[in-house]
Amino acid sequence: MGKYTKQDIFRMVEEEDVEFIRLQFTDMFGVLKNVAITSSQLGKALDNKCMFDGSSVEGFVRIEESDMYLYPDYDTFEIFPWRPQQGKVARLICDVYTPDGKPFEGDPRWILKKVIKEAEDMGYVFEVGPECEFFLFHTDDNGLPTTLSHEKAGYFDLGPTDLGENVRRDMVLTLEDMGFEIEASHHEVAPAQHEIDFKYDEALKTADNIMTFKLTVKTIAKRHGLYATFMPKPKYGINGSGMHVNMSLAKDGKNIFADENDTLGLSEDAYHFIAGLMKHAKGMAALTNPLVNSYKRLVPGYEAPVYIAWSATNRSPLIRIPASRGQGTRVELRNPDPSANPYLVLATCLAAGLDGIKNKLEVPASVDCNIFEMTDEERKHAAIEVIPESLYDAVRYLNEDKFICDVLGEHITSKYTEAKLREWNDYKTQVTQWELDEYLYKF
Ligand SMILES: Nc1ncnc2c1ncn2[C@@H]1O[C@H](COP(=O)(O)OP(=O)(O)OP(=O)(O)O)[C@@H](O)[C@H]1O
Ligand SMILES: N[C@@H](CCC(=O)O)C(=O)O
Ligand SMILES: [Mg+2]
Ligand SMILES: [Mg+2]
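So, how was this worked out
- Residues numbered from 1 in each chain as written.
- Chains lettered and ligands numbered in written order.
- Predicted model: local features only at pLDDT ≥ 70, side-chain atom pairs only at ≥ 80, totals over all residues.
- Heavy atoms only, no water.
- Core = buried A, V, L, I, M, F, W, Y, C linked by side-chain atoms within 4.5 Å.
- Buried < 20%, exposed > 50% of the residue type's maximum accessible area, 1.4 Å probe, protein only.
- Helix = DSSP H or I, 4+ residues; strand = E, 2+ residues; numbered from the N terminus.
- Contact = heavy atoms within 4.5 Å.
- Donors = N, O, S within 2.8 Å, 3.2 Å for Na, K, Ca; no water.
- Near = heavy atom within 4 Å.
- Polar contact = N/O pair within 3.5 Å; in protein donor to acceptor, adjacent residues only side chain to side chain.
- Areas by Shrake-Rupley, 256 points an atom, 1.4 Å probe, with all protein chains shown as cover.
- Axes fitted to C-alpha atoms, helices over the stretch in contact; angles between N-to-C directions.
- Parallel < 35°, antiparallel > 145°, perpendicular 65-115°, else oblique.
- Left-handed = near helix turned anticlockwise from the far one by under 90°.
- Nonpolar A, V, L, I, M, F, W, Y, C, P; charged D, E, K, R; others polar.

Asks: How would you sum up the nonpolar core? Please name residues and give values.
Replies: Core analysis: the largest hydrophobic core is formed by 95 residues, its most contacted members being Phe-213, Leu-249 and Ile-319. Among the elements that take part in this core, helix H6 (residues 268-288) stands out by supplying 12 residues, more than any other. The residues touching Ile-319, leaving out its near neighbours within four places in the chain, are Ile-274, Leu-277, Met-278, Ala-309, Trp-310, Ser-311, Val-331, Glu-332 and Leu-333.

Asks: Give me the lowdown on the coordination of the magnesium ion (ligand 3), citing residues and values where you can.
Replies: Around the magnesium ion (ligand 3), the protein supplies Glu-133 (OE), Glu-188 (OE) and Glu-195 (OE) as donor atoms, at distances of 1.9 to 2.3 Å. Counting the intervening residues between successive donors of the magnesium ion (ligand 3) yields the motif E-x54-E-x6-E. A separation of 5.3 Å is found between the magnesium ion (ligand 3) and the magnesium ion (ligand 4). Here the residue Glu-133 occupies a position in strand E7 (residues 125-138), and Glu-195 occupies one in strand E9 (residues 193-198), the gap between them amounting to 62 residues. As far as burial versus exposure is concerned, Glu-133 and Glu-195 are alike and both buried.

Asks: So what's going on with the site of ligand 1? Residues and values would help.
Replies: Around ligand 1, 22 residues are found, and the nearest of them are Ser-248, Arg-315, Arg-320, Gln-327 and Glu-332. Side-chain polar atom of Ser-248 to a nitrogen atom of ligand 1: 2.8 Å apart, as the coordinates give it. Within the side chain of Arg-330, an N or O atom sits 3.4 Å from an oxygen atom of ligand 1. Computed on the free molecule, ligand 1 has an accessible area of 650 Å², of which 86% lies beneath the protein chains in the complex. Elements that contribute at least two residues to the shell around ligand 1 include exactly E7, E9 and strand E12 (243-251). Top contributing element to the shell around ligand 1 by residue count: E7, with 4 residues.

Asks: Any chance you could break down the packing of helix H3 (residues 108-121) against helix H8 (residues 342-358) for me, citing the residues and the numbers?
Replies: The interhelical angle for the contact between H3 and H8, taken along N-to-C directions, is 25°, at an axis separation of 8 Å. Taken together, the axis directions place H3 and H8 in an arrangement best described as roughly parallel. The two elements H3 and H8 meet at a crossing, and its hand is left-handed. Facing Pro-108, Arg-109, Ile-111, Leu-112, Val-115, Ile-116, Glu-118 and Ala-119 of H3, the residues of H8 in contact are Tyr-343, Leu-344, Leu-346, Ala-347, Leu-350, Ala-351, Leu-354 and Lys-358. Here the residues of the contact of H3 with H8 sort into 13 nonpolar, no polar and 3 charged.

Following this line, the structure appears as structure tokens:
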């Protein structure tokens, strides 16, 4: 049973004086799209009759087959608190369907739903809590984003040093207005870098929440004359922004990753899940780290992972098991960044973990020392592999991992690969400032 019925939505629109409704969906590349309707069209929208031109959305369909339908998920009805309070603006997150009434295979939300169904058939609920980091920068005289900030604060610092402090407070209050349960918010390590953590939930809800979170953070920053960016590594020499993904599986309301009798308090299935994530980490990288820029974050020295390993005691590997046990027992994957499409990231993470469980994959020994301080020889001896080092490598690994390609389906795999190779080739031909600074005078 859903949270809202059609009648509930009509009633809320009437009572709350909602004038506009945004029908939202997310494209393959994690970009939020929407078409706005007035409340006079609500009945049509709720009957799945609203159409859009799919050929205008990158990675969707060709012009000859362009009609797509939006099927609103009633439970996602939410009013935007930052819009006028008369003639309010609300949104509904939608699934994308083809004209013959089938889910569109290029819709990332559908891909996630498919894997969730598979988990449900095994009796599992997939619970996920993300940690989204972002930067707040000034805009220039034309209102365009810069990488400038006047902030000096660092990790966990308290104001009033920081202009960002008030902005973050406003973000938290707005998110709470929209039903988010905010667990923590703090200044991150780099100047102008922040993090707001919200409570974990079932995977589909969390993926929707991540999209809403990014929209809200950007909107509130703009209101304060700042620009919020989720670009993974906006500045050389300081930390980049990650989106650690905390995951657990529940069966009949009980966290099945916990086992008091184990030395680390983890169940067999938790170990298999970790092994599945490790097996597919390279194949998933093009999704968890989708930009050319993503790979500039995954370098030693900035709290971001580089090596495929796991540990219950330290933060340097790809996978960390945070200390909390019982219902809080979870696996934290540390390489995803907030530019990723959350639907595709959660779909592939869940599928990889389930692959581990189904096939009883064995985890290698945990690496409890600082991997960055090991020599290449020591890492080789411990069979520690490296996360792909560029978008190009990541796309290659994706196409080699048939299991992950199957999760994504033919449509997304081919369109995604095509677009990401185009992005890489465009980047590859650029002459950067670094090259000019290094070479122009020498040669
Ligand atoms: N059982 C669980 N399953 C999935 N997620 C969970 C579970 N329990 C807690 N979480 C989520 O994990 C996230 C924890 O974030 P928190 O910032 O505390 O983690 P952290 O990794 O210790 O922090 P950091 O990496 O910034 O030092 C929250 O979103 C929380 O709701
Ligand atoms: N900003 C770091 C993470 C810092 C943290 O541990 O919270 C990253 O790029 O992943
Ligand atoms: Mg953090
Ligand atoms: Mg974390």
